[in-house]
Amino acid sequence: ICLQATRRFLEECRKAPLQVFAVEKPFTLILGERSIKGQIDRIDRLPDGTLRILDYKTGQAKEELATEEKEQLHLYQLALEGQGHVVSSMAYVYVNEWKITEVEPLTEKKREAFLAKLEERMSQILVSDFAPTPEPFTCKYCDFKAICEFRKLS
């Protein structure tokens, strides 16, 4: 599968040379007193100077996406716009089948609604109680294993 995906990627590059703006670009999206950090797989610069966000997926390709499934790309859009860029195109690239599923960038009203929803979720997280559920397999791959007082690594 990996070799097939690499071949498909190279075929696409031959058809239309890339104008790569960034790969694995880290970002911090600041919303009031809170922030979200992440990393964008790939950003291309389009001929008109705007940006196209691409996020690579290894799961099964989807023709239609639920609203929640588009949120990752919408976060990326907000982060880049916060840096002064214009995002005009976004897509998930399902590498195993080389299926590209486009996602419409947020427009003004949808952008406001998404920001409100995001801020509400962040507020809920702050008041939530996340009880630890340590077990060796889970703890082995946890991002917080070095600082967690509940970790079980053996």
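The following paragraphs examine the structure supplied in this document. The shown structure was predicted, so the numbers you read here are calculated from the model rather than taken from an experiment.

Brief notes about the overall build of the chain
Next up, step 1: Of regular secondary structure, the chain possesses 4 helices and 5 strands.
Next up, step 2: Of the regular secondary structure in the chain, the N- to C-terminal order runs α-β-β-β-α-β-β-α-α.
Next up, step 3: Referenced to the eigenvectors of the C-alpha coordinate spread, the extents of the chain come out at roughly 50 × 40 × 25 Å.
Next up, step 4: Counting over 154 residues, the chain shows a buried share of 30%.
Next up, step 5: Here the analysis covers contacts within the chain between residues at least 6 apart in sequence; of these, 54% occur between residues at least 24 apart.
Next up, step 6: Approximately 10700 Å² of the chain is accessible, and the part contributed by carbon and sulfur atoms is 54%.
Next up, step 7: Separation of charge centres in the chain, based on 23 positive and 25 negative side chains, amounts to 5 Å.

Describing the pattern of salt bridges
Next up, step 1: Counted by the stated rule, this structure contains 7 salt bridges.
Next up, step 2: Measuring nitrogen to oxygen at the nearest pair gives 2.5 Å for the salt bridge that ties Asp 44 to Arg 42.
Next up, step 3: Of the charged contacts in the structure, one is a salt bridge between Arg 111 and Glu 81, with a shortest N-O distance of 3.1 Å. With Arg 111 in helix α3 (residues 108-127) and Glu 81 in helix α2 (residues 67-82), this pair connects stretches of sequence that are 30 residues apart.
Next up, step 4: For Glu 81, a relative accessible area of 23% puts it in the partly exposed group.
Next up, step 5: Among the charged side chains, a salt-bridge network with shared partners connects Glu 71, Lys 117 and Arg 121.

Definitions and cut-offs
- Residues numbered from 1 in each chain as written.
- Predicted model: local features only at pLDDT ≥ 70, side-chain atom pairs only at ≥ 80, totals over all residues.
- Heavy atoms only, no water.
- Helix = DSSP H or I, 4+ residues; strand = E, 2+ residues; numbered from the N terminus.
- Buried < 20%, exposed > 50% of the residue type's maximum accessible area, 1.4 Å probe, protein only.
- Contact = heavy atoms within 4.5 Å.
- Areas by Shrake-Rupley, 256 points an atom, 1.4 Å probe, with all protein chains shown as cover.
- Lys, Arg positive; Asp, Glu negative; His and termini not counted.
- Charge placed at Lys NZ, Arg CZ, Asp CG, Glu CD.
- Salt bridge = Lys/Arg side-chain N within 4 Å of Asp/Glu carboxyl O.

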